[in-house]
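# Coordinates in review
Here is what each chain is made of, one letter per residue.
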Amino acid sequence: MKPPGKTTLVRMQRTAMLEAERIEITQDYWVKDGRIKEPEPHLVERRDDYAGMVRLIDAINSDQDLLDRLKRRMAALAAENAPAPAPETAEDDAADGSEVSE
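Here we summarise the structure given alongside this text. By convention here, each chain's residues receive numbers from 1 onward along its written sequence. Two thresholds apply to this predicted model, a pLDDT of at least 70 for residue-level local features and 80 or more for giving and counting side-chain atom pairs, whereas whole-chain, interface and lining totals are computed over all residues. Think of the side-chain values as coming from all heavy atoms in the structure, minus any hydrogens and water.

### Notes on the pattern of salt bridges
For side chains of opposite charge, pairing can occur when their charged atoms come near one another. Each reported salt bridge corresponds to a side-chain nitrogen of Lys or Arg within 4 Å of a carboxyl oxygen of Asp or Glu. Under the counting rule described, the total for this entry stands at five salt bridges. For Glu 19, the salt bridge is made with Arg 22, and the minimal N-O distance between the two is 2.6 Å. Taken together, the residues Glu 19 and Arg 22, both in helix α1 (residues 9–33) and three residues apart, mark about one turn of the helix. Working definition: helices are DSSP H or I runs of at least four residues, strands are E runs of at least two. Numbering for both runs from the N terminus.

Here is the structure:
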């Protein structure tokens, strides 16, 4: 699988909100339908975690200084994890038509 691509706080927040709602709607339906007696605790915890992510992103977006610091840190992490350029070899130089001296 290829590594995760770029995203935004808005997309992450929307995804977390939709997943929290999906879990809640599904669990409520299954209780109402009689498939289960009560919502499954591990799914309720997961729903709460997604709701917590939504609140965390709200808090980040409400503080411009924090948002700027986060963006700088994410850029620094991306630079640290960027692949290093491949070193040039004599074969690469020869392919350019230039002379290689040793």
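### So, the environment of Leu 67
Tracing the backbone shows Leu 67 in helix α3 (residues 64–81). Residue burial is assigned from relative accessible area. The probe radius is 1.4 Å, only protein chains are included, and a residue is buried under 20% of its type maximum, exposed over 50%, and partly exposed in between. The exposure class of Leu 67 is buried, given its relative accessible area of 10%. Note: C-alpha distance between Leu 67 and Ile 57 (10 residues apart in sequence) is 9.7 Å. Not counting chain neighbours up to four residues away, the residues in contact with Leu 67 comprise Leu 9, Ile 60 and Asn 61. Residue contacts follow a heavy-atom distance rule, with two residues in contact if any of their heavy atoms lie within 4.5 Å.

### Thoughts on the side chain of Gln 27
Tracing the chain through its elements places Gln 27 in helix α1. Relative accessible area serves as the criterion here: at 3%, Gln 27 is assigned to the buried category. Aside from chain neighbours lying at most four places away, what touches Gln 27 is Ile 36, Pro 39, Glu 40 and Leu 43.

### Re α1
Helix length check: α1, at 25 residues, gives a terminal C-alpha distance of 36 Å against a target of 36 Å (1.5 Å per residue), a fit within 8%. Every buried residue of α1 is accounted for by Leu 9, Gln 13, Ala 16, Ala 20, Ile 23 and Gln 27. On its buried face, α1 sits against α2 (41–62) and α3. Count one or two residues on from α1 and you reach Gly 34, which has phi positive near 90°. Helices are assigned an expected span. That span is 1.5 Å times one less than the residue count.

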